[in-house]
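In case you want the letters, here they are:
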Amino acid sequence: MLVKIHPSWEQELATEFEKPYFQHLISFVKSEYDTERCFPKGSEIFAAFDHCPYDKVKVVIIGQDPYHGFGQANGLCFSVNDGVAFPPSLQNIFKEIQQDLDKPFPQSGNLERWSDQGVLLLNATLTVRESEAGSHQNKGWETFTDAVIQKISDQKENVVFLLWGALPKRKAQE
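Rules and cut-offs
- Residues numbered from 1 in each chain as written.
- Predicted model: local features only at pLDDT ≥ 70, side-chain atom pairs only at ≥ 80, totals over all residues.
- Heavy atoms only, no water.
- Axes fitted to C-alpha atoms, helices over the stretch in contact; angles between N-to-C directions.
- Helix = DSSP H or I, 4+ residues; strand = E, 2+ residues; numbered from the N terminus.
- Parallel < 35°, antiparallel > 145°, perpendicular 65-115°, else oblique.
- Contact = heavy atoms within 4.5 Å.
- Nonpolar A, V, L, I, M, F, W, Y, C, P; charged D, E, K, R; others polar.
- Salt bridge = Lys/Arg side-chain N within 4 Å of Asp/Glu carboxyl O.
- Buried < 20%, exposed > 50% of the residue type's maximum accessible area, 1.4 Å probe, protein only.

Peer 1: Help me understand the packing of helix α1 (residues 7–18) against helix α2 (residues 20–35), please; the structure alone is not making it clear to me.
Peer 2: A pair of packed helices is characterised by two quantities: the angle between their axes and the separation of those axes. At their nearest, the axes of α1 and α2 sit 5 Å apart, and the two run at 80° to each other. Taken together, the axis directions place α1 and α2 in an arrangement best described as roughly perpendicular. Contact residues: Glu16, Phe17 and Glu18 in α1; Pro20, Tyr21, Phe22 and Gln23 in α2. The class makeup of the residues in the contact of α1 with α2 is four nonpolar, one polar and two charged.

Peer 1: Would you mind showing me how to read the side chain of Arg129 here?
Peer 2: Along the chain, Arg129 falls in strand β4 (residues 128–129). Once residues lying within four places of it in the same chain are set aside, the contact partners of Arg129 are Glu32, Glu36, Arg37, Cys38, His68, Ser135 and His136.

Peer 1: I keep staring at the pattern of salt bridges and nothing clicks. Help me out?
Peer 2: Per the stated rule, a full pass over the model turns up six salt bridges. Where Lys151 meets Glu12, a salt bridge forms, and the shortest distance between an N and an O atom there is 3.8 Å. Residue Lys151 is found in helix α6 (residues 141–155), and its partner Glu12 is found in helix α1; the two are separated by 139 residues along the sequence. Judged by its relative accessible area of 19%, Glu12 falls in the buried class. Where salt bridges share partners, they join Glu32, Arg129 and Glu132 into one cluster.

Shown next, in the form of structure tokens:
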């Protein structure tokens, strides 16, 4: 199975892509995208890795799963494309930043600018069915994202991990 992902991550995760669970996961995702409306777009499933190369990772923010409303998910946790209304979770993040750091509320909810600065915006699951939060949980994504987190933790120093939400916080216990 060929996975389109930034070359730095492809090198780091090559063995993960060959494991049976990942092959089953990709089959499941392909089937879901063929029969259901799913998010993000197929080309954006690995956007978190494409915008934040492995050697640039300084901060990892972990969310639950992509936004499940039409046109919201762009492959980066908590991020939406320009022109898309801010979901409540993103509004809360910006409110906290405004209150804590006295930074103005941004015009755009697109967090690519964070990724480009070394923030890996990673959801615990990278895909979701429309209007069904958590619909792709327990299909293999958590195993994959756990492996990503473990690799960063084992191989990199001085990386900050932020777990936003109840499901991501469980990853700290694993």
